[in-house]
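Here are the chains, one letter per residue:
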Amino acid sequence: MTKRFSLTLLLIIAALMLLVGCGDSPIATVAPTVTPALTATVAPSPTAIPTPTTIPPTPTPSFTATPLPSPTPAYRFGEEVATLQGHTGGLWQAVLSPDGKILATASADKTIKLWDFASHKELKTLKGHAAEVRAVAFSPDGKLLASGSVDKTIKLWQLPGGEELATLKGHTDEIAAVSFSPDGKTLASGSKDTTLRLWEIPSGKELAILNGHTNWIESAVFSPDGKLIATGSLDYTVRLWDVATRKTSSILRGHTNWVLPVTFSPDSKLVASGSKDANVLIWEAATGKLRYTLKGHTEEVRSVAFSPSGKILASGSEDQFTRLWDVVKGSPLASFKNGSSAAWVTFNADGNLLIAGLGNGLTKIRYVGVS
């Protein structure tokens, strides 16, 4: 039994070996061994990478302006800068001090008011005259103010305080004009009594009485060079007086009615006059020749004033208009309505402002910028 089993086992093994070694037996395909790819392991960096942040866009620069000193306000030509109110009567004159800081106004309310020209504020009221104050004038150094009145007197006032220093008496009728000589040593006054009088300053002594006009004197003014005095009269004439000789040097005839205001150009070469005939005439001081007749006003011309350059003339009238004229060409430039008669006109020192004293008691200041 044991031998038969062993023989059978050997036959099975031999058969298996025969099957494996047979040439036409199928060949087993062996797949190549694939080595798995190694995955690289990156060690973390010891320095932490910052988390990205969003960078905002660069803003547009903004600047805060540095405050600058306020410049002089810019005004349009002819625009009103200020109106001064305080008098209870109409104005006769409005004049600036030589330094341009003080404005003096003479009124029918018997007073003189002093104004701070920069701020337009009233500084002081001078009282002492017994009737209308028709004329005022500053001395060249600005330390004295002279005033002439319907009460037939001239008063001298100390500035800046406004103390009354003296009362000059001599005229026999109302005084319409006062003017200081350029050196401040002499005061001229014109009156309804038809005389031109000269007074010593500061003593107040009467120096001379000049006769020649046949009707009252409405205006009197020294030339800037101090050689002449011009007077305007209701006798229809302008007279020029030689200061050295105290005699009439020429009589200017051309107006057909009362001559009211007269004034000299800054270089003393021209004389301008206004009249009840509504005309403004410009004369040559040296020869007395009439250069221009300026027409435009419809009622009497109450005041005339040259600009600082002498190239522009301003005139004020009962027709309520202030007018500007080209002196070189003898032609009109502009006109401004005031709402009342313009009793007096004048320029400030640089010609930027035109000042008009009005019959309703107001003073109007306009920008003109004419130099």
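Remember, predicted model here, so these are calculated numbers, not experimental data.

K.L.:
Can you help me understand the overall build of the chain in this one?
P.N.:
Looking only at helices and strands, the chain has 1 helix and 28 strands in total. Out of the 371 residues belonging to the chain, those deemed buried represent 47%. When contacts within the chain are restricted to residue pairs at least 6 apart in sequence, those whose partners lie at least 24 apart make up 40%. Entry remark: accessible area of the chain is about 20,000 Å², with carbon and sulfur atoms responsible for 58%.

K.L.:
Explain unusual backbone geometry to me, please; I cannot follow it from the model alone.
P.N.:
Outside of glycine, negative phi angles account for most residues, and trans bonds account for most peptide bonds. Looking along the chain, the bond that leaves Leu159 and enters Pro160 is cis, with omega of 15 degrees. Mapped onto the elements of the fold, Pro160 is located in the loop between β8 (153-158) and β9 (163-169). A cis geometry characterises the amide bond from Ile201 onward to Pro202, with omega recorded as 15 degrees. Positive phi outside glycine occurs at Lys110, with the angle close to 75 degrees. Among the secondary structure elements, Lys110 is positioned in the loop between β3 (102-107) and β4 (111-116). By relative accessible area, Lys110 is classed as partly exposed at 42%. Backbone geometry places Ala278, a non-glycine residue, at a positive phi of 75 degrees. With respect to the helices and strands, the residue Ala278 is situated in the loop between β19 (270-275) and β20 (280-284). You can call Ala278 buried: its relative accessible area is 8%.

K.L.:
Looking at this structure, I do not really get the nonpolar core. What am I missing?
P.N.:
Leu324, Phe347, Leu354 and Val368 are the most contacted members of the largest nonpolar core, which has 15 residues in total. Contributing elements (two or more residues each) for this core: β23 (312-317), β25 (331-337), β26 (342-347) and β27 (353-358). Leaving out residues up to four positions away in the same chain, Leu324 has contacts with Phe77, Ile312, Leu313, Ala314, Pro332, Leu333, Ala334, Phe336, Phe347, Leu354, Val368 and Val370.

K.L.:
Explain the side chain of His129 to me, please; I cannot follow it from the model alone.
P.N.:
Locating His129 in the fold gives a position in the loop between β5 (121-127) and β6 (133-138). Here Asp151 takes part through its side chain, which lies 3.0 Å from a polar atom of the side chain of His129. A polar atom in the side chain of His129 sits 3.5 Å from the side chain of Thr153. Sequence-distant contacts of His129, that is, excluding residues within four places in its chain, are made with Lys110, Ser147, Ser149, Asp151, Thr153, Lys155 and Trp157.

K.L.:
Is there a simple way to explain the pattern of salt bridges in this structure?
P.N.:
Counted under the stated rule, the structure contains 12 salt bridges. One salt-bridge network, held together by shared partners, links Arg134, Glu174, Glu218, Lys276, Glu300 and Arg302.

K.L.:
Which parts of the structure should I look at to understand the sheet that holds strand β28 (residues 363-367)?
P.N.:
Note: strands within a sheet are paired through backbone hydrogen bonds, in either parallel or antiparallel orientation. Ordered in space as β1-β28-β27-β26, the 4 strands form an open sheet in which the pairing is antiparallel. The outermost strands of the open sheet, each flanked by one partner alone, are β1 (80-84) and β26. Looking at each pair of strands side by side, their axes are set apart by 20 degrees on average, direction ignored. Pairing of β26 with β27, which is carried by 5 bridges, proceeds in the antiparallel orientation. Within the sheet, the bridge partner assigned to Phe347 lies in β27 and is Leu354.

K.L.:
Could you clarify how one ought to interpret the side chain of Thr237 in this entry?
P.N.:
You can see Thr237 is positioned in strand β16 (residues 237-242). Using a relative accessible area of 8% as the deciding quantity, one classes Thr237 as buried. Within the structure, the side chain of Thr237 is placed 2.7 Å from the side chain of Asp235, a separation counted as a polar contact. Excluding its chain neighbours within four sequence positions, the residues that come into contact with Thr237 are His213, Thr231, Gly232, Ile251, Leu252, Arg253 and Val259.

K.L.:
Got a minute to help me understand the sheet that holds β8 in this structure?
P.N.:
Judged by pairing direction, the sheet is antiparallel, and its 4 strands sit side by side in the order β6-β7-β8-β9 without closing on themselves. Sheet topology places β6 and β9 at the edges, where each strand pairs with a single neighbour. Direction aside, neighbouring strands of the sheet carry axes that sit 20 degrees apart on average. Sheet analysis places β8 next to β9, joined by 6 bridges and oriented antiparallel. Opposite Leu156, over in β9, you have Ala166 as the bridge partner.

K.L.:
In this structure, what is going on with the confidence of the model for the chain? I would like to understand it.
P.N.:
Do not read the predicted coordinates in detail wherever pLDDT is low. Per-residue pLDDT for the chain has a mean of 86; in total, 80% of the residues score no lower than 70. Per-residue pLDDT stays below 50 along residues 1-5; that stretch engages in 0 contacts with residues further than four places along the chain or on separate chains. Long-range and interchain partners of residues 18-72, a stretch whose pLDDT sits below 50, account for 1 contact in this model, where long-range means more than four residues apart.

Criteria and thresholds
Residues numbered from 1 in each chain as written. Predicted model: local features only at pLDDT ≥ 70, side-chain atom pairs only at ≥ 80, totals over all residues. Heavy atoms only, no water. Helix = DSSP H or I, 4+ residues; strand = E, 2+ residues; numbered from the N terminus. Buried < 20%, exposed > 50% of the residue type's maximum accessible area, 1.4 Å probe, protein only. Contact = heavy atoms within 4.5 Å. Areas by Shrake-Rupley, 256 points an atom, 1.4 Å probe, with all protein chains shown as cover. Core = buried A, V, L, I, M, F, W, Y, C linked by side-chain atoms within 4.5 Å. Polar contact = N/O pair within 3.5 Å; in protein donor to acceptor, adjacent residues only side chain to side chain. Salt bridge = Lys/Arg side-chain N within 4 Å of Asp/Glu carboxyl O. Pairing = 2+ DSSP bridges. Axes fitted to C-alpha atoms, helices over the stretch in contact; angles between N-to-C directions. pLDDT = per-residue confidence, 0-100.

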